[in-house]
Amino acid sequence: MPKKPSKSPAGKGPRTPATKPARVAAKRPKAALKAASKVTSNGISKATRNVSQERIVRALETIAAHLSAQGKPTAERESFKQADAFVWHPDGRLAAVPRVSRVELFLLKGVDRMRDILMENTERFANGLPANNALLWGARGMGKSSLVKAAHASINAERKPADKLKLIEIHREDIESLPALMEQLRASSFRFIVFCDDLSFDGNDASYKSLKAVLEGGIEGRPENVILYATSNRRHLLAREMIENERSTAINPGEAVEEKVSLSDRFGLWLGFHRCSQDEYLAMVRGYCSHFGVKVDDEALEREALEWSTTRGSRSGRVAWQFVQELAGRLGVKLAAT
């Protein structure tokens, strides 16, 4: 006998072969989720949690740094009134220098032209007028750094405390922290000379890029109340062999050298210092002796000064000062201005 068709429940059609697979398919996502959750809870989530924790820690450190920076401006503005010169530390600290080691401007001999140019540029800047960053380069011991410090002191001599220039020295090895220093100075009402002595770059040192960005590049640019003065024995701040290596190994030698040399181009003012003549050297010696009250017969002074320079193999302001120190010590004279 033929089988009777089975009755389906009321309201439902006959059960089709696709119904069962559909139910199985509906259950699969839940099973897949369970399996995925097991894997996630066992292995993947640990790595994810570690990455997330690291990101949270970095974010908190950044927030803390910003909050501490926001609490500093008032204290920093007050600290700028304590002195006219500071030394920058890469941890964000500006250490006041109560007494700057310097010589008087009139004692710097043989650099008259460079002195006048730098003084004019510095005075314009102090008065709020446009002025250029300056690179003082050339022979060692010819008063490059002394001129910067003397110019700063001379400009401040007749200015009110609120109008005085602030001199901030940044060491060569801390040049990468220059953008952080600029950020601190930008909001101040004072005007600043940021000074780097004996600036140069060797080998694969790429920190010069930070200086390039601050001098002319970057979206913010150099703050209006900051000017940079640097001294170097090298005109282009880079060793000759460094430039030659770039030329020999680069695909386009011209472009490679241009990229390196362009740093010195960011200084609008170049002041070259050259070796002094014998007459200029003797004028330096006599100037120091007169200023500090070292009394010696002029003929003997000239003879001894020339002998001293011969033993040193050079004539410069530094050699003249070293001779005067030797002479004063031998004669029992203290080097205090008379």
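Peer 1: So, helix H10 (residues 298-312): which residues are in play, and what are the values?
Peer 2: The end-to-end C-alpha distance of H10 is 21 Å, a good match for the 21 Å that 15 residues give at a rise of 1.5 Å each. Here H10 has its buried residues at Ala300, Leu301, Ala305, Trp308 and Ser309. End-on view of H10: buried residues confined to an arc of 160 degrees, all on one side of the axis. Of the exposed residues in H10, the ones pointing more than 90 degrees away from its buried face are Glu299, Glu307, Thr310 and Thr311. Its buried side turned inward, H10 meets helix H9 (278-292) and helix H11 (317-331).

Peer 1: An account of the packing of aromatic side chains is requested, with residue identities and associated values reported.
Peer 2: Each aromatic ring pair is described using two quantities: the centre-to-centre distance and the angle formed by the ring planes. This structure, assessed with the given rule, holds six aromatic pairs. A network of ring pairs unites the aromatic residues Phe80, Phe86, Phe190 and Phe192 as a single cluster. Positioned above the aromatic ring of Phe190 is the side chain of Lys166, whose terminal nitrogen or guanidinium carbon lies 4.7 Å from the ring centre. Between the NZ or CZ atom of Arg191 and the centre of the ring of Phe125, over which it lies, the distance is 4.4 Å.

Peer 1: Quick one: what's the story with the environment of Ser154, residue by residue and with numbers?
Peer 2: Following the sequence through the fold, Ser154 ends up in helix H4 (residues 144-156). Looking at Ser154, the relative accessible area reads 32%, which means it is partly exposed. In this structure, the C-alpha to C-alpha distance between Ser154 and Met119, residues 35 residues apart in sequence, is 8.6 Å. For Ser154, the residues in contact, after removing those within four places along its chain, are Leu105 and Met119.

Peer 1: Mind laying out the sheet that holds strand E6 (residues 226-232), listing which residues take part and the relevant values?
Peer 2: The strand order E2-E1-E4-E5-E6-E3-E7 describes an open sheet built from seven strands, whose pairing is mixed. A strand with exactly one partner marks an edge of an open sheet, and here the two such strands are strand E2 (93-96) and strand E7 (269-273). Taken pair by pair, the neighbouring strands of this sheet meet at an average axis angle of 25 degrees, ignoring direction. Here strand E1 (residues 85-89) pairs with strand E4 (residues 165-169) via three bridges, running parallel. The partner of Ala85 across the bridge, within E4, is Leu167.

What counts and what doesn't
Residues numbered from 1 in each chain as written. Predicted model: local features only at pLDDT ≥ 70, side-chain atom pairs only at ≥ 80, totals over all residues. Heavy atoms only, no water. Helix = DSSP H or I, 4+ residues; strand = E, 2+ residues; numbered from the N terminus. Expected span 1.5 Å × (residues − 1). Buried < 20%, exposed > 50% of the residue type's maximum accessible area, 1.4 Å probe, protein only. Arc of directions from axis to C-beta. Contact = heavy atoms within 4.5 Å. Phe/Tyr/Trp six-rings, centres within 6.5 Å; stacked < 30°, edge-to-face > 60°. Lys NZ or Arg CZ within 6 Å of the ring centre and 35° of its normal. Pairing = 2+ DSSP bridges. Axes fitted to C-alpha atoms, helices over the stretch in contact; angles between N-to-C directions.

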